[in-house]
Amino acid sequence: MGRCYAPTAVSPEAVPTTHDPAGIRKAEDIAKALGLIAEAPFASRGDDSGTHCAERRLWDAAGIAPGGDWYRELGSGTGPTLNTAAGMDAYVMADRATWIAFDNRQRLELLFEGDEVLFNQYGSLLLSEDRHPHLKHDLARQWHDWLLSDDGQQAIADFRVKGQQLFFPNTAPSKAE
């Protein structure tokens, strides 16, 4: 058996800030929102996390090279980055799960979300038994199959924090390599 990957769920990214000097509330998509944000204060995680990598892809797709005094790479997780953004009156990108669970929002408010390119894909990956014989492949297969099952997808849909859904199930046929 080779590797087997299957998407299981998405969690959207969003853009909160303390105020909206760039006017992104009216933007039709994230590329336009980022175009408006460019040159306004922006706090980036700057830590090569999934959120940071997604942010860099979005800046690139918008044709913007972030940098200079307006763009601050912090090298920290989402919580500290949200705190810094609040202190700087800066825009910031955060994943939905962290935003919902984050209790120290100060004056931060969610301004932009919903563009499909902001969806952060999660998946399940089974590794090759030939290349990794020391792993517990039977248990991994059970977990993988459950995640893709109706029960697993319902558990993903039912998972909530503060009454809000964090992940949205989206299984598709497995891809074996």
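First, a word on what this report is: a plain description of the structure on this page.

Rules used throughout
- Residue positions are given per chain, counted from 1 along the sequence in the order it is written.
- Whole-chain, interface and lining totals are the exception, using all residues; otherwise, since this is a predicted model, local features are given only for residues with pLDDT of at least 70 and side-chain atom pairs are given and counted only at 80 or more.
- In computing side-chain properties, one takes all heavy atoms of the structure into account and sets aside hydrogens as well as water.
- Only DSSP runs of H or I covering at least 4 residues are called helices, and only runs of E covering at least 2 are called strands; the numbering of each starts at the N terminus.
- For every residue, the accessible area obtained with a 1.4 Å probe (protein chains only) is divided by the maximum for its type, and the residue is called buried under 20%, exposed over 50%, and partly exposed between those limits.
- The criterion used for residue contact is that any of the two residues' heavy atoms lie within 4.5 Å.
- What counts as a ring pair is set by centres within 6.5 Å for rings of Phe, Tyr and Trp (its six-membered ring), and what kind of pair is set by the plane angle: stacked under 30 degrees, edge-to-face over 60, tilted for all other angles.

Considerations on the overall build of the protein chain
Along the backbone of the protein chain there are 6 helices and 11 strands. The principal-axis extents of the C-alpha atoms in the protein chain amount to approximately 55 × 35 × 30 Å. For the protein chain, with 177 residues in total, the buried portion stands at 41%. Pairs at least 24 residues apart make up 73% of the contacts formed inside the protein chain by residues separated by at least 6 positions.

Some points on the packing of aromatic side chains
In total, this model carries 8 aromatic pairs according to the counting rule given. With a centroid separation of 5.8 Å and an interplanar angle of 5°, the aromatic rings of F42 and Y71 are classed as stacked. Here Y71 lies in strand β3 (residues 71-73) and F42 lies in strand β2 (residues 42-44), a separation of 29 residues in the sequence. In terms of burial, F42 and Y71 fall into one category: buried. Each ring, one from W59 and one from Y71, has its centre 6.1 Å from the other, and the planes form 85°; the classification is edge-to-face.

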